[in-house]
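As a plain string of letters, each chain reads:
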Amino acid sequence: MVNNRDQQQRNQQLSDRVERQAKRMKKAERERETLLAQTIYIGTLGLVFILPVVGGAYLGRWLDGFVEGYSTRWTLSLIFLGVVVGAVNVYLLIRE
């Protein structure tokens, strides 16, 4: 008698688990993003990474123009800073 009750309980737990997974799968199928939405998301990630790098390059080049002779100190420093800022932006966007 006890074994039969335990078996019924296990069967019910398994049934509940399978039902939850089936509901999750149906919900994921309904909410699946389209190819266009995924493309826009990847494009946005690219922009939030590239814009700080390009901005740093332009600002650094402009600042290096004030230095006499050939200098790339500001350009390289601000490109590196742009890469760091862009990486943080991408991380925060993905985490959201």
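Below: a short report on this structure. (Residues numbered from 1 in each chain as written. Predicted model: local features only at pLDDT ≥ 70, side-chain atom pairs only at ≥ 80, totals over all residues. Heavy atoms only, no water.)

## As for the overall build of the protein chain
Phase 1 of the analysis: Helices and strands together make up the secondary structure of the protein chain, namely three helices and zero strands.
Phase 2 of the analysis: Against the globule reference of 12 Å for 96 residues, the protein chain gives a C-alpha radius of gyration of 27 Å, more extended than a compact globule.
Phase 3 of the analysis: Its C-alpha atoms give the protein chain principal-axis dimensions of about 95 × 30 × 15 Å.
Phase 4 of the analysis: Long-range contacts, defined here as pairs at least 24 residues apart, represent 55% of the contacts in the protein chain between residues at least 6 apart.
Phase 5 of the analysis: Accessible surface, the protein chain as shown: approximately 8500 Å² in total, 62% of it carbon and sulfur.
Phase 6 of the analysis: Side-chain charges of the protein chain comprise 13 positive and 9 negative groups, with the mean position of each set lying 9 Å from the other. (Helix = DSSP H or I, 4+ residues; strand = E, 2+ residues; numbered from the N terminus. Rg over C-alpha atoms; globule rule 2.2 N^0.38 Å. Contact = heavy atoms within 4.5 Å. Areas by Shrake-Rupley, 256 points an atom, 1.4 Å probe, with all protein chains shown as cover. Lys, Arg positive; Asp, Glu negative; His and termini not counted. Charge placed at Lys NZ, Arg CZ, Asp CG, Glu CD.)

## Considering the pattern of salt bridges
Phase 1 of the analysis: Under the counting rule described, the total for this entry stands at one salt bridge.
Phase 2 of the analysis: Across the pair Lys23 and Glu19 runs a salt bridge whose closest N-O atoms are separated by 3.6 Å. Linking Lys23 with Glu19, this pair stays in helix α1 (residues 2-30), spanning four residues, or about one helical turn.
Phase 3 of the analysis: Look at Lys23 and you get exposed, because its relative accessible area is 55%.
Phase 4 of the analysis: A residue is classified by how much of its surface remains accessible, and Glu19, at 42% relative accessible area, is partly exposed. (Salt bridge = Lys/Arg side-chain N within 4 Å of Asp/Glu carboxyl O. Buried < 20%, exposed > 50% of the residue type's maximum accessible area, 1.4 Å probe, protein only.)

## As for helix α3 (residues 73-95)
Phase 1 of the analysis: An ideal rise of 1.5 Å per residue puts 33 Å on 23 residues; α3 measures up with 33 Å between its terminal C-alpha atoms.
Phase 2 of the analysis: When we look at burial in α3, the residues that qualify are Thr75, Leu78, Gly82, Gly86 and Val90.
Phase 3 of the analysis: If you follow the buried residues of α3, they end up packed against α2 (35-64). (Expected span 1.5 Å × (residues − 1).)

## Quick word on the packing of aromatic side chains
Phase 1 of the analysis: Here the structure, examined in full by the defined rule, presents one aromatic pair.
Phase 2 of the analysis: Summarising the aromatic geometry, the rings of Trp62 and Phe66 are spaced 5.0 Å apart at their centres and angled 80° between planes, so their arrangement reads as edge-to-face.
Phase 3 of the analysis: Under the relative-accessibility criterion, Trp62 is labelled exposed at 53%.
Phase 4 of the analysis: Taking the relative accessible area as the measure of exposure, Phe66 reaches 59% and is therefore exposed. (Phe/Tyr/Trp six-rings, centres within 6.5 Å; stacked < 30°, edge-to-face > 60°.)

## Some details on a nonpolar patch on the surface
Phase 1 of the analysis: Together, Phe80, Val84, Val88, Tyr91 and Leu92 make up a nonpolar patch on the protein surface, roughly 490 Å² of accessible area in all.
Phase 2 of the analysis: Relative to the helices and strands, Phe80 resides in helix α3.
Phase 3 of the analysis: Taking relative accessible area as the criterion, Phe80 reaches 58% and is therefore assigned exposed. (Patch = residues over 30% accessible without salt bridge, like charges linked within 9 Å, V, L, I, M, F, W, Y side chains within 5 Å.)

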